[in-house]
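# Descriptive analysis of the structure
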2 protein chains.
Amino acid sequence: MSIDNRRIGILGGGQLGRMLLQAGQLLNLDIRVLENDANSPAKQVSNKEHFQGAFNDADAIKSLAATVDILTVEIEHVNVAVLEEIEKTTNVQVSPSPSTIRVIQDKYTQKEHLMRHNIPVAKSIALVEQSPQSLRSVVDAHLNGVYPVMLKARKQAYDGKGNFLVKSAQDAENAVETLSKTAGSGGLYVEKLAPFVAEIAVMVVRSVGGNVVAYPAVETVHEDSVCSVVFAPLQTADSNVQQRAQDVATNAISTFSGAGVFGVEMFLLADGGFGALEKEPLINRPLSGQILLNEIAPRPHNSGHYTIEACATSQYANHLRAILDLPLGATDLVVPYAGMINLLGRNDGSEEGVLKLARKALEIPGAHVHLYGKAGCRKGRKMGHITIVGESSHAVHKSIDELSALLPPSDSRVKENPLAHIASLLPSPFRKSDTTSNPANPLVSVVMGSDSDLKVMRAAAEVLKDFGVPYELSIVSAHRTPDRMMQFAQSAASRGVRCIIAGAGGAAHLPGMVAAMTPLPVIGVPVKGSSLDGVDSLHSIVQMPRGIPVATVAINGGLNAGLLAVRVISAGMPRLLDSLNQYKRGLEEEVYAKIDKMEAVTWEEYKGL
Amino acid sequence: MSIDNRRIGILGGGQLGRMLLQAGQLLNLDIRVLENDANSPAKQVSNKEHFQGAFNDADAIKSLAATVDILTVEIEHVNVAVLEEIEKTTNVQVSPSPSTIRVIQDKYTQKEHLMRHNIPVAKSIALVEQSPQSLRSVVDAHLNGVYPVMLKARKQAYDGKGNFLVKSAQDAENAVETLSKTAGSGGLYVEKLAPFVAEIAVMVVRSVGGNVVAYPAVETVHEDSVCSVVFAPLQTADSNVQQRAQDVATNAISTFSGAGVFGVEMFLLADGGFGALEKEPLINRPLSGQILLNEIAPRPHNSGHYTIEACATSQYANHLRAILDLPLGATDLVVPYAGMINLLGRNDGSEEGVLKLARKALEIPGAHVHLYGKAGCRKGRKMGHITIVGESSHAVHKSIDELSALLPPSDSRVKENPLAHIASLLPSPFRKSDTTSNPANPLVSVVMGSDSDLKVMRAAAEVLKDFGVPYELSIVSAHRTPDRMMQFAQSAASRGVRCIIAGAGGAAHLPGMVAAMTPLPVIGVPVKGSSLDGVDSLHSIVQMPRGIPVATVAINGGLNAGLLAVRVISAGMPRLLDSLNQYKRGLEEEVYAKIDKMEAVTWEEYKGL
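Residues numbered from 1 in each chain as written. Chains lettered and ligands numbered in written order. Predicted model: local features only at pLDDT ≥ 70, side-chain atom pairs only at ≥ 80, totals over all residues. Heavy atoms only, no water.

## With respect to the overall build of chain A
Each helix and strand in chain A was counted, giving 20 helices and 23 strands. In terms of overall size, chain A behaves like a compact globule, its C-alpha atoms giving a radius of gyration of 28 Å where 609 residues would be expected to give roughly 25 Å. In chain A, buried positions account for 61% of the 609 residues. Considering only residue pairs separated by 6 or more positions, chain A has 65% of its internal contacts joining residues 24 or more positions apart. With an accessible surface of roughly 22400 Å², chain A has 50% of that area assigned to carbon and sulfur atoms. Distance between charge centres in chain A, computed from 57 positive and 62 negative side chains, equals 1 Å. (Helix = DSSP H or I, 4+ residues; strand = E, 2+ residues; numbered from the N terminus. Rg over C-alpha atoms; globule rule 2.2 N^0.38 Å. Buried < 20%, exposed > 50% of the residue type's maximum accessible area, 1.4 Å probe, protein only. Contact = heavy atoms within 4.5 Å. Areas by Shrake-Rupley, 256 points an atom, 1.4 Å probe, with all protein chains shown as cover. Lys, Arg positive; Asp, Glu negative; His and termini not counted. Charge placed at Lys NZ, Arg CZ, Asp CG, Glu CD.)

Structure representation (structure tokens):
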């Protein structure tokens, strides 16, 4: 019994094919694989008769096609001519369409296609011939002679094989020679460097019937141009980046024909255009970086592995639904946060380096190990991956750091602390700190109108620390730093903050103004001033107009504000409910101890515990 | 490359074996299956050489054992004598231990074993001989002649084959004859009926090294004694039931030896013992039902399928970790709520009935279809299952209801609305209602000290309705119904409520007292009385002592309290953030419309919008 009896053939039987088969088994689909290796990752997970042969061998592809209803690919470097012939001369459906694969195969043709359709990409110019002279004249004629530039191979380029950073005109010889060696004579092109602050990716799915859905934008971290770590969702200070990234990706895919899942890799720029290569400081202005499309893969993608455990439907399940024209599955995250780290073969060729991470992952709650069943472990080969789902970005980053720490320095996936990377997307001074008390990815923000409020607000911070809740603390004054307040309030939700505590005295506008500019729950703490006993602040904070609530606590109630924040975020973190119950028992015990003392010494002698 | 190179052999190759293999593939484990069918569900998902033969065929088991390091089972009705011989005479590890399987195989021996170890079970007495006379004399001698009783086969009984409800002494002949037919001559026993309000289950895992972890307690709904629907986690008015159920299950498993995952099925009683069969009304007293162990399965279990998508580690992954003595994985739910519905073969033998549900599930966000690859679709056969993960129990129940609605009435999995079932565990009058405005599984509770507060509090309910948040609303008076208040506050969290809104006037103790008895965030609404302009209530609610926060809103701020509740629970339901942003834009537009009007008519003429 199957959800659909049509037979599917996949060109390629590596890890992407393996995960497609595993997704297909849940619907009991009939899927066959074409792949040279008789025991390839994909073939291992099925007792079907598979096909032996290369995914660009015309005869092999035709043999596979003769036994299936639908052909699809797990790699774009396939024999497109044969697929076009099959599409024309048989009833076999080819998804994605061969014409799409043809355009995407040649990265310069892909760029030209995108430019023609007004999709933002980095300026790209093809070399007339594969020579250093041609490279230098392109840079001089089209890029004002400004180095560095990226030299890229047009074809057979993936996982960074085919990219060369040309730092100066003197590098031209070396660059052309190196790329000619690894990527053959398929042509080269020059790309203007994108001064990105983050690399991001969106998986887009289109069904045969034309329905399109997009997964959340994620942050990808590359090592030597190989995708190495992925964090989902992308968290930035600009609350529009998520939507804009999905829009760019969806618009780009709508310019191509055919069904399936597409991986869209993009650059998020700091300054909205091409400025200096320096990452400019972002102090006191919101990040509104432009998004440039880098490249498209017409298939499931490494940056979408996380969807298996973290999303309502995996990219693999949705690829199959798309090519079978079944209803596309929801793409939402079903967990608060996820991280993925690739297990790459190591310098020494031994399995030990990879297995060390996999074994460590067995000890990390929420970590899922995926080994692909490959035999050889040569350097850079993708042997598996680990996805970690968790209650917060803070928790997931911590776990990814634990795994990264097992890599030798020369081999580190994340060159620096990944927190530092994320942190660069935050508005200063919430930007960056490696301490746990003020982490770059806090769940609770504690802000106060003035440093004089710290004596009250520190109690909130202490509670958060005691409960192990990542938080940040700073001064934001409604009246003296209105810009900063607006920036803070508007960026909090998209930075991953789930609750804000704001303290203020006197006219005490901060909590209410912050609440007016965020959908997050805002807890207001009235701080007692020198006159009116704090009643002024209390009324300023609590008597909010219809539509904008502030959760007000008692005058000088910093501690209770911290506890209330813990109660609020416990909805997404059930472990906190246990801690809160323990805390409550502690309060009871404290009173019982006083009762005992009072009984022991009599009330006349009682001087406190 | 594998996380562990030891070879594992499984006796049995059905759907449990299939899911074990799928979990094993993620770690690239070498797993072989012994099963008669050459294309059984488990064999389909692996290109390994498997073994053909019955899981109780001595020679076949020995052939498998000769090629592996560890033997395990996906069914308990295996040939234990051979496993014992293998354990004694070879180095092959058998997990779970054959002695454990032997005790569990015979359900009466299992009960005796549990009674001997003081695990609570329903009173059970073996028949001396398999005859109606013996049945009647056991009921007379041990159960005061009181019918109905359950007659059960000792062996070869699973999925309800082997249970017979004996309503009166006259049923004895029919009962014994029926069970003798389906379960052979392995012996019968009588079990006193457990007047349960819910059937619950806990999966327990023990590793070779002796580490033990338990999954959350879940509610299981049976149809003709076949597990049919599972809801995770179990939500009850008694906040201790979760822990007690896990304790009973863990204690029971600790009386057996050997490693692996164990399914522990239990009854939750209404009245703490054996009362009348009637389900007593639970009005005005907390539910503190006793838990009786029903039976144990020494393997992955149907009630644990949900763990694949809903928990940090699946029961299948943890079974493999346990028998390999790898670190056991975290058992926490990683999603707020999950439901599982079995796809059982239908009366007419056609696939259509099952496929109808599977196809419908493709349209439900968060639904995961699992088809097992079985060919025949005879009545009652387990053809697959669907797990739905969602943001709340309300949402998941709604989706399970949608699927159940596709079953013909005679075949319905859930005889009544499953909500009705859950609802019976709630304290009245929060007990039960089928309307969406007062559902049995609300996320927000709106309570007020008096019906005179309704004029203010209805605005909160309206906001929740507008945002599609399931809520309940009732009167709870701190001063006039203190018992009810305590019961309400103490049960809210374990019933699945995530935020409480409490309104009160005058001395206004309700919000603070509720906050003192729950770890949930409590929003307090000061209701203006006839004197003091509401300042009395405001100060009563906001000026809480250290340790117990109340999120206070403005006097008569019912609407803002509703909005604050939406902000609070949006942490676990990101879609609400979008709705809140939309609401905010609505507020802006309202003001802009007034600006336009005022400009149009001049301020002198302006009379409001």
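Back to the text.
## Here's the deal with the relation of the copies chain A and chain B
Superposition of the two copies of the chain requires a rotation about an axis together with a shift along that axis. Mapping chain A onto chain B is achieved by rotating through 180 degrees and translating by 0.0 Å along the same axis, at an RMSD of 0.1 Å. These values place the two chain copies in the arrangement generated by a two-fold rotation axis. Most of the interface of chain A is mirrored in chain B, where 100% of its interface residues are also at the interface. (Least-squares fit on C-alpha atoms with pLDDT ≥ 70 in both.)

## Here we look at the domain arrangement of chain A
Residue and element names in this part refer to chain A. Each domain of chain A was delimited in the assignment, giving domain 1 (8-95), domain 2 (99-116 + 198-323), domain 3 (123-192), domain 4 (335-414) and domain 5 (444-572). Summed over both sides, the interface between domain 2 and domain 4 buries roughly 1700 Å², with carbon and sulfur atoms accounting for 56% of that surface. On the domain 2 side of the interface with domain 4, the three residues burying the most area are E223, F231 and E309, jointly 32% of the side's total. In this assembly, domain 2 and domain 4 are joined by eight residue pairs in polar contact (both at pLDDT 80 or more). Of all elements in the fold, only β13 (226-232) and α10 (307-310) reach the threshold of two or more residues within the side of domain 2 that touches domain 4. By residue number, the principal contributor to the side of domain 2 that touches domain 4 is β13, which donates seven residues. Of the residues belonging to the side of domain 2 that touches domain 4, the class tally is 10 nonpolar, four polar and two charged. (Domains from an automatic or database assignment. Buried area = accessible area lost by both parts, 1.4 Å probe. Polar contact = N/O pair within 3.5 Å; in protein donor to acceptor, adjacent residues only side chain to side chain. Nonpolar A, V, L, I, M, F, W, Y, C, P; charged D, E, K, R; others polar.)

## Considerations on helix α12 (residues 352-361) of chain A
Given 3.6 residues per helical turn, the α-helix brings residues three or four places apart onto the same face. Those residues of α12(A) lying buried are A:G353, A:V354, A:L355, A:L357, A:A358 and A:A361. Turning to α12(A), the residues buried within the fold contact β16 (337-344), β17 (367-371), β18 (382-390) and α13 (393-404) of chain A.

## Some words on the sheet that holds strand β5 (residues 93-94) of chain A
Residues and elements named next belong to chain A. With parallel pairing, the five strands of this open sheet are ordered in space as β3-β2-β1-β4-β5. Looking at the sheet topology across the chains shown, the edges are occupied by β3 (51-52) and β5. One ladder, built from five bridges, connects strand β1 (residues 7-11) with strand β2 (residues 30-35); its direction is parallel. What sits directly across from R7, in β2, is D30. Where helix α1 (residues 15-26) meets the sheet, its contacts fall on β1 and β2, and the angle it forms with β2 comes to roughly 170 degrees. (Pairing = 2+ DSSP bridges. Axes fitted to C-alpha atoms, helices over the stretch in contact; angles between N-to-C directions.)

## A few points about the packing of aromatic side chains
The tally for this structure, following the rule as stated, stands at eight aromatic pairs over all chains. Between A:Y108 and A:Y189, the aromatic rings sit 5.5 Å apart at their centres with planes inclined by 50 degrees, giving tilted as the arrangement. Highlighted residues: A:Y108 in helix α6 (residues 107-116) and A:Y189 in strand β9 (residues 188-191), separated in sequence by 81 residues. Just as A:Y108 is buried, A:Y189 falls in that class too. For the ring pair B:F467 and B:Y583, a centre distance of 5.9 Å and an interplane angle of 50 degrees mean the geometry is tilted. One end of the pair, B:F467, is in the loop between α15 (454-466) and β20 (471-475); the other, B:Y583, is in helix α20 (residues 575-601), with 116 residues separating them in the sequence. (Phe/Tyr/Trp six-rings, centres within 6.5 Å; stacked < 30°, edge-to-face > 60°.)

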